[in-house]
There are 2 protein chains.
Amino acid sequence: MTSTNDLQRVAVIGGGVIGGGWVARCLLNGITVNLYDPDPNAARKIDAIMVNARMAFAKLVDGLVPPEGKLRFADSIASAVDGADLIIEAVPERLDIKQSVYHDIEAAAADTLIASSTSGILPSDLQAHMAQPDRLLVAHPFNPVYLLPLVELVGGAKTSHSAIDKASQMFRQLGMHPLHVRTEIPAFIADRFLEAVWREALWLVNDGVATTAEIDDAIRYGFGLRWAQMGLFETYRVAGGEAGMAHFIAQFGPCLQWPWTKLTDVPDLTDELVNRIADQSDAQSAAYSIRQLEQIRDDNLVAILRQLEQRNWGAGQTVRSWQEQLNASAIRSMPDPTPLIRSYETTVPQDWVDYNGHMTEHRYLECFSHATDEIMRQAGVDDAYIAAGGSFFTVETHICHIDEVMAGAPIYVDTQILAVAGKKMRLFHRLYDTSGTLLATGEHMLLHVDMTQRRASQPKALVAAKLAKMAAGHATLAMPDAAGRAVGMTR
Amino acid sequence: MTSTNDLQRVAVIGGGVIGGGWVARCLLNGITVNLYDPDPNAARKIDAIMVNARMAFAKLVDGLVPPEGKLRFADSIASAVDGADLIIEAVPERLDIKQSVYHDIEAAAADTLIASSTSGILPSDLQAHMAQPDRLLVAHPFNPVYLLPLVELVGGAKTSHSAIDKASQMFRQLGMHPLHVRTEIPAFIADRFLEAVWREALWLVNDGVATTAEIDDAIRYGFGLRWAQMGLFETYRVAGGEAGMAHFIAQFGPCLQWPWTKLTDVPDLTDELVNRIADQSDAQSAAYSIRQLEQIRDDNLVAILRQLEQRNWGAGQTVRSWQEQLNASAIRSMPDPTPLIRSYETTVPQDWVDYNGHMTEHRYLECFSHATDEIMRQAGVDDAYIAAGGSFFTVETHICHIDEVMAGAPIYVDTQILAVAGKKMRLFHRLYDTSGTLLATGEHMLLHVDMTQRRASQPKALVAAKLAKMAAGHATLAMPDAAGRAVGMTR
């Protein structure tokens, strides 16, 4: 769970494809963004990205989302980083440019975490000339940044552990899956694979073995589908079957000695090769504009992510947690509801009446029990939530019987939420007849439970957020006289 | 479109993960399989694969499917290949074993296409000692073979063009995407990438940079999602934006010279490294059994493929065509319906009657028009089909008016399908009253049209199959006397 205070304002330095993707992801999470990009077309570039990002986000996420964050175009790095909780650098991949940006940042903002989007430069090199190098780390995202959950976090020699921890928490709040690359190596993890594949693909095109379209088909009709949901090792573990991973490696290991890949060299990027790739790419994809391809890609990714989310697997798990956070954040951003909650209404049935001619004692508690159910329902503890194993159990009850009521009388309960904290919830019900006569009060302590474990547990983020919102509204109400009272004789 | 005669019996030599996957894909397509596998556990292995494959297939495909093909366990290669339209070899990856299998095949079956499942051996080497080497090609599938559409087709020096063409058609019938690898190179296309990534992954584990779980996450939370729907080049084309592919390469090309990947060597597969990988894989995945992981993988793949199918993109296009073929195949395998089709019923409305006191002339054609609509509907030309742009237009009509009918009389039309061929359909309607009096006959020639192009076109596979089935049933009925008659006076 995230608190409300983690990440409220992010500075982004550089508004290209990656910087703009960061801007989009932050804004959609309801976070204010200060963007510094000297390009006079910066606003137009961001607008174009936001069109795609908003569409994709709306299709990806269900339920309540926080209001979109505000975007401010800063006219200097100093102005951009002012008041930011996190500074994301996404300028071109040149060490000197990046170091110059850090210099400007350090002149304007102390302590704030600085995350570089570099896909290849070592953080130790990035931080070499910094006054506070401990706050610099690499946070390497993947395009489209507003959709793909992976972010590789890499510290340099001088990066602090707390910077990595803090960054992990922040990127989780942004709906991402932070992968801590524990050893600082060039290209980190994912891009080493991308680079190996890219190199091999260049050879295949260079040697005329395959066109760009054939290479793409070899990926997306086959192993690309596998890798959307399991990686390399888990895929091979499954393929290896019951015999296990060691057997699989022993069986396929020798292939590595075969002349399968062009290991030793890189093709020269001659004009001829560059043009051949560009021409093949046109033949393959020019039926669609880049804008159309972006939207096709986004829709495909959304469709895949939603399926994985329903199956709670891989990147879908990240989307699921993100959605819960967004829903909770949306609840928190709503105005506080102040009136008491009308939580139960009935007419006293004939069979609730006892030999004294009035509603019998335990029916008062039944009314309060229904009222508690309604509060839970409004907080999101509905059938689906309970079926998934979460609920509230009443652990303590204090009733004051004040007046009697006869069969056929319309009665109702108003509920005041006295307190909500972690697993605990304290409710105060008042039972009235329709003339406004107070018939009884009930004070109840409830505990959230994980019913699969049969023990107390934290409610899910959305429920916690809704309860907190309801409780905040009632915090301005006077504490009832009867609240906190123990059973006893007035002395 | 496939004809009914393409692929009816397949011989599979070798029933491991890949051979068993072929068996499953063939059986689910309604194709008879002769399997030769000397392993005494062969039946048990196939059973296990079929459990998974049937579940996945049922979730992947909607609508009618042909009855599952029959599986016969052959006790020799000679017996397995007898009567087969295609021979698939899936024995261990050793040239001598494979060549010995081809020797046995050639002793028993002439001419039949032989497809090797090898993932790395060159077809020229495979066919080196064959008497009929022109019929040998590589057909390299991807696990799980019953779900992933890609099959790489690679010919050797002596493979005939017609063998490649014929194999393409056969694997399309099996619901696959044949990718013709035009240049014979070791590991073909896809496995060159897999090998490059595998080698890089072994280094990362060997050097302690990342665990198997971290590597898998670096794939499936990021670029793996991209590659399920676009390949390498199209992804980069989009990322490069408006500036185009040449600009993208120029920008990122220099990275290839950086020391990003361990180019020159392969880590030794020492016991220590093998055990480290096995241990890490256990830590990552041992919470699930292999059987559970297979089903998780299959369900994920099905979910992704179904989404891509709905979006008619990439591998989803293959699934869509496959489904149409399966539906059509299911129709073809049903018994022929012989009775005439009751295509219209009504009671003659008052306002259909003219000044002569009987049903007026053009209402006869209205009855036949409704009858034609019903025939189209039964053939699958429903609202959705028409909305998608396909329909039949009547191009010729011949009516014989035989008797009159009065207002309020119940009447009906029986329809005989005289002929269906390609774009054309010839119908013969008979209009009766309920006493059985023949009131009129209508003979109609219809043409299937693509309404977006406003021109004649072939009907979709399912419609063609349904019509062919209906026509086949009516082929045994006598040709009506009035059929083929032109308007004229008897001489």
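These numbers come from a predicted model, not from an experiment.

1. Some words on the interface of chain A and chain B
Here is step 1: Tallying the contact residues gives 97 residues for chain A and 97 residues for chain B.
Here is step 2: For the side of chain A that touches chain B, the secondary-structure elements that each account for two or more residues are β8 (177-181), α7 (190-206), α8 (212-227), α9 (232-240), α10 (245-252), α11 (271-285), α12 (290-310) and α13 (315-332) of chain A.
Here is step 3: With 14 residues, α8 of chain A is the largest single contributor of residues to the side of chain A that touches chain B.
Here is step 4: A breakdown of the residues in the side of chain A that touches chain B according to their chemical character gives 57 nonpolar, 24 polar and 16 charged.

2. Quick look at the sheet that holds strand β3 (residues 71-74) of chain A
Residue and element names in this part refer to chain A.
Here is step 1: Within the open sheet, the eight strands sit side by side as β3-β2-β1-β4-β5-β6-β7-β8. Their pairing is mixed. Of all the strands in the sheet, the pair left with one neighbour each is β3 and β8. Ignoring which end each strand starts from, the neighbouring axes of this sheet average 25° apart.
Here is step 2: Pairing geometry for strand β5 (residues 113-116) and strand β6 (residues 136-141), over three bridges, is parallel. Bridging from a neighbouring strand, A115 pairs with L137 of β6.

3. Some thoughts on the environment of S116 of chain B
Residues and elements named next belong to chain B.
Here is step 1: Tracing the backbone shows S116 in strand β5 (residues 113-116).
Here is step 2: Its 26 C-beta neighbours within 10 Å are what place S116 among the buried residues.
Here is step 3: With 38 residues separating them in the primary sequence, S116 and V154 have C-alpha atoms 9.5 Å apart.
Here is step 4: What S116 contacts, discounting residues up to four positions off in sequence, is E89, K98, L126, V138 and A139.

4. Topic: the relation of the copies chain A and chain B
Here is step 1: Mapping chain A onto chain B is achieved by rotating through 180° and translating by 0.2 Å along the same axis, at an RMSD of 0.2 Å. What we have between these two chains is a two-fold relation.
Here is step 2: When you check the interface residues of chain A against chain B, 100% turn up at the interface there too, and the contact is symmetric in its surfaces.

5. Some details on unusual backbone geometry
Residues and elements named next belong to chain A.
Here is step 1: Each neighbour pair has its own omega, and for N143 with P144 the value is -5°, a cis peptide bond.
Here is step 2: Structurally, P144 can be placed in the loop between β6 and β7 (150-155).
Here is step 3: The backbone of F188 shows a phi angle near 60°, a positive value even though the residue is not glycine.
Here is step 4: Note on placement: F188 falls in the loop between β8 and α7.

6. A closer look at helix α6 (residues 161-173) of chain A
Owing to its 3.6 residues per turn, the α-helix aligns residues three or four sequence positions apart on the same side.
All names here are of chain A.
Here is step 1: An ideal rise of 1.5 Å per residue puts 18 Å on 13 residues; α6 measures up with 19 Å between its terminal C-alpha atoms.
Here is step 2: Buried positions along α6 lie against β4 (86-89), β5, β6, β7 and β8.
Here is step 3: One or two residues past the end of α6 sits G175, with phi positive at roughly 80°.

7. Comments concerning the environment of A471 of chain A
Residues and elements named next belong to chain A.
Here is step 1: Looking at where A471 falls in the secondary structure, it is placed in helix α16 (residues 461-474).
Here is step 2: The spacing of A471 and S119 is 352 residues in sequence and 46 Å in space, taken between C-alpha atoms.
Here is step 3: Dropping the residues within four chain positions of it, A471 is found in contact with I417, A419 and V420.

8. Considering the sheet that holds strand β1 (residues 9-13) of chain B
Residue and element names in this part refer to chain B.
Here is step 1: One open sheet holds the eight strands; their spatial order is β3-β2-β1-β4-β5-β6-β7-β8, and the pairing between them is mixed. Two strands in the sheet have a free side with no partner beyond their single neighbour: β3 (71-74) and β8 (177-181). When the angles between neighbouring strand axes are averaged without regard to direction, this sheet yields 25°.
Here is step 2: Pairing between strand β6 (residues 136-141) and strand β7 (residues 150-155): five bridges, direction antiparallel. Residue pairing across strands places H140 opposite E152, the latter belonging to β7.

9. Points about the nonpolar core
Here is step 1: Residues I87 of chain A together with I87 of chain B are the most contacted members of the largest nonpolar core, which totals 200 residues.
Here is step 2: Setting aside residues up to four positions removed in sequence, I87 of chain B forms contacts with A11, I13, V81, I105, A109, T112, L113, I114 and A115 of chain B.

The rules behind these values
- Residues numbered from 1 in each chain as written.
- Chains lettered and ligands numbered in written order.
- Predicted model: local features only at pLDDT ≥ 70, side-chain atom pairs only at ≥ 80, totals over all residues.
- Contact = placed C-beta atoms within 7 Å.
- Helix = DSSP H or I, 4+ residues; strand = E, 2+ residues; numbered from the N terminus.
- Nonpolar A, V, L, I, M, F, W, Y, C, P; charged D, E, K, R; others polar.
- Pairing = 2+ DSSP bridges.
- Axes fitted to C-alpha atoms, helices over the stretch in contact; angles between N-to-C directions.
- Buried ≥ 20, exposed ≤ 12 C-beta atoms within 10 Å, placed from the backbone.
- Least-squares fit on C-alpha atoms with pLDDT ≥ 70 in both.
- Expected span 1.5 Å × (residues − 1).
- Core = buried A, V, L, I, M, F, W, Y, C linked by C-beta atoms within 7 Å.

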